[in-house]
Amino acid sequence: MKNQKQAFDLLLVFLTVGLFYLAFPSGGYGFLAWIAIVPTLFSLYGAKPNYAFTLALLAATFGWFCSIWWVIPGIADITYSHANLIIPFVFLFCVVCALPYAIGTWFYVALKWNESVLGALKAACLFTVLVNYIPHILPGNIVHSLYLSPMQIQLADIGGVGLVFFIIHAVSFLLAGCLVERKRNKQKSLQYLVVALLFFMGNLLYGLVQSALIEQEVKRHHSNQLTITMVQPNIDVKLRTRDDWLTVAKPLQTLIHQTLSEQYSDNLLSNRPDLIIFPEVPVPLSFEFFNYDKKLFSEAIGNTPLLLTAIEPINKTLNENNGYFNTIELIQHNQVTSRYQKQKLLPIGEYLPFEKQLPWLRKMLPYAPNYKSGEHSKTLPLLINNNTINIIPLICYEAVFTDLVGKSINTHNSLLINTVNDAWFASTAGVNVHLALSLFRTIEYRTPLVRATNTGISSIINAQGKIIAGSLIESNKQGVSITQVYIKDIETFYQKYPNTSKIIFILITLLSLIVDWKKVKLSHEHK
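Everything numeric in this text was worked out from a predicted model, so none of it was measured.

Rules used throughout
Residues numbered from 1 in each chain as written. Predicted model: local features only at pLDDT ≥ 70, side-chain atom pairs only at ≥ 80, totals over all residues. Heavy atoms only, no water. Helix = DSSP H or I, 4+ residues; strand = E, 2+ residues; numbered from the N terminus. Polar contact = N/O pair within 3.5 Å; in protein donor to acceptor, adjacent residues only side chain to side chain. Contact = heavy atoms within 4.5 Å. Salt bridge = Lys/Arg side-chain N within 4 Å of Asp/Glu carboxyl O. Buried < 20%, exposed > 50% of the residue type's maximum accessible area, 1.4 Å probe, protein only. Bend = angle between axes of the 7 residues up to and from the residue. Expected span 1.5 Å × (residues − 1). Core = buried A, V, L, I, M, F, W, Y, C linked by side-chain atoms within 4.5 Å. Axes fitted to C-alpha atoms, helices over the stretch in contact; angles between N-to-C directions. Left-handed = near helix turned anticlockwise from the far one by under 90°. Nonpolar A, V, L, I, M, F, W, Y, C, P; charged D, E, K, R; others polar. 1 Å grid on protein atoms, 1.4 Å probe; cavity = no way out; pocket = protein on both sides within 12 Å on 5 of 7 lines; lining within 4 Å. Points joined across faces, edges and corners; volume = space filled by probe spheres on them. Phe/Tyr/Trp six-rings, centres within 6.5 Å; stacked < 30°, edge-to-face > 60°.

1. Description of the side chain of E329
By secondary structure assignment, the location of E329 is in strand β4 (residues 324-332). Of the polar contacts made by the side chain of E329, one reaches the side chain of S286; its length is 2.7 Å. Here F287 takes part through its backbone nitrogen, which lies 3.0 Å from a polar atom of the side chain of E329. For E329, the contacting residues outside a window of four places in its chain are S286, F287, E288, F289, L306, L307, L308, A310, V336, S338 and R339.

Structure follows, in structure tokens:
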């Protein structure tokens, strides 16, 4: 009987793994985020805390691994390494990601939170704190599955990703309670279901109303309209050197020049570009440090401002031992007027963590890049018709970190621009996951996000979290898109008080842990 129960529990665990995979952008069925963990939660009723911990650790570890497997060939390509060397690092990452879920599940069972509606809400609070408010290499979770359902994630403008995470997990815990009690206590089961529906419908209603209000606000006051021209170069990741760049540079120059010529020949002033964006690419280039590139782009753009993702050699010499910065250059009137150095580097993909303490890592991954981290957030002022647009530059996966974006967002006329090279992930779900994690910044700060990529998904997301259809460029093809972007200063509660929901969730969680731990301890003493 015990073996049958364990086998059934494992079946439920792997059902959760499957649902997690299908819900995540890797699977494409985002609505499953609301029920993905329900099977594992169902298996926990009557379980001991340590057993529950093990089940949750299995579910979360394999759920993560199945959902982000695509990073293995990507990092292997970046570092010129074999995929077998990368697998242990990725699996360890998945175990670390799984620990908060396992720890939360241990308390969920030990404190008997699986026996009441209030307990379900306490568990959702605990999971929110453990998953969202502990520093993380890649702050992704099941919430990001809903990136194509903006009506369901509008609460992010109040409490960020954490608040949406709480809502989803509150519904999941309540539905699990509903299923467990459906035969034992139908009235209690109905209570679970009603509260779950209230949370779900309340979240959806807020999304519908708030999205409509934001749309009206932007339409009434879109005094700042910007015409953005995004270039998608589609440069193969096998091309890594200056010589490689020289083989593809001229066709790209022609593409940019022809696009601008067509725009300027159009009688509509709104179609004339205010800014051209050239994304992060695998080859080293720079307007500032390479004369060839300066001449090439100057001939292509004329006097049109250009935002170019470049490399900045340390000591002005491109040398692997010295290192270099991943940089964005803003070029106006054919000179670099401001520059930003990437702060958040991708471990292994851009640098080797603990390289000084663990020198054997460099021997294991001798071709891993040697990027250096910038030290400051900054805005790049773009001057257009006596008006200043404050560009908030974000390179690659910097856009997934809300705290980093928040450092620069408190400026007038802000526009988020994220330049990306996701070619390492080819046609895998990695490109969707990266977009999903970045999209939430538009809702949190009600600021448009321009996402220019080397191979896709190039797109522009408006302040409601919706992808502007006309901005999309077909993935894995060279192309250009021309899009009008409306900029309106809308200060959100989250922007003004970014830590409020975090503090509330932490206080509720700590109080619940202390009070209920004492209750459980007393009940054991009386026995």
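Moving on from the coordinates now.
2. Remarks on the pattern of salt bridges
Within this structure, the stated rule accounts for 13 salt bridges. Put simply, R184 and E181 hold a salt bridge, and the shortest N to O gap is 3.1 Å. Taken together, the residues span about one helical turn, with R184 and E181 both in helix α7 (residues 156-184) at a distance of three residues. Judged by relative accessible area, R184 falls into the exposed class, the value being 61%. Judged by its relative accessible area of 7%, E181 is buried. Through salt bridges with shared partners, a single network forms among E181, R184 and K188.

3. Things to note about α7
In an α-helix, one turn spans 3.6 residues, which is why side chains three or four residues apart end up on the same side. A bend of about 70° at G162 is the largest found in α7. Counting buried positions along α7 gives 23 out of 29 residues, so the element sits mostly inside the fold.

4. Quick notes on helix α1 (residues 2-23)
For α1, which comprises 22 residues, the first-to-last C-alpha distance of 31 Å matches the rise-based estimate of 32 Å (1.5 Å per residue) to within 8%. Residues D9, L12, V13, T16, V17, L19, F20 and A23 constitute the buried set of α1. Tucked into the core, α1 has its buried residues touching α2 (38-43) and α3 (49-67).

5. With respect to the nonpolar core
I68, Y108, I228, L275, L307 and L415 are the most contacted members of the largest nonpolar core, which has 133 residues in total. If one sorts the elements of this core by residue count, α7 sits on top with 15 residues. Residues contacting L275, with those up to four places away along its chain left out, are T227, I228, T229, P305, L306, L307, L330, L382, I391 and I417.

6. Things to note about the packing of α3 against helix α5 (residues 83-110)
Here α3 crosses α5 at 145°, and the two axes come no closer than 7 Å. At the point where α3 passes α5, the crossing takes the right-handed sense. Its residues placed into classes, the contact of α3 with α5 shows 21 nonpolar, three polar and no charged.

7. Details of the layout of surface pockets
A volume near 640 Å³ is recorded for the second largest pocket. Taken together, 32 residues make up the lining of the second largest pocket; nearest its centre are N132, I134, P139, T402 and D403. Ranked by residues supplied to the lining of the second largest pocket, first place goes to α7 with four residues. Classifying every residue of the lining of the second largest pocket by side-chain character gives 16 nonpolar, 11 polar and five charged.

8. Observations regarding the packing of helix α6 (residues 117-132) against α7
Any two packed helices are characterised by the angle at which their axes cross and by the distance between the axes. Interhelical geometry of α6 versus α7 gives an angle of 140° and a closest axis separation of 8 Å. Regarding α6 and α7, the two cross each other, and that crossing is right-handed. Contacts from V117, A120, L121, A123, A124, C125, F127, T128, V131 and N132 of α6 reach α7 at V161, G162, F165, F166, H169, A170, F173 and L174. Looking at the contact of α6 with α7 residue by residue, the classes come out as 14 nonpolar, four polar and no charged.

9. Some remarks on the packing of aromatic side chains
Between two aromatic rings, the relevant description is the distance of the centres plus the angle of the planes. Inspection of the entire model under this criterion finds 24 aromatic pairs. Consider the rings of W34 and F200, whose centres lie 4.8 Å apart with planes at 80°: the pair is edge-to-face. Placement of W34 in the loop between α1 and α2 and of F200 in helix α8 (residues 186-220) is noted, with a sequence separation of 166 residues between them. Consider the rings of W106 and F107, whose centres lie 5.2 Å apart with planes at 85°: the pair is edge-to-face. Given the relative accessible area of 23%, W106 is considered partly exposed. Assessed through its relative accessible area of 23%, F107 is described here as partly exposed. Three or more aromatic residues joined by ring pairs make a cluster, and in this case those are F14, F62, F65 and F91.

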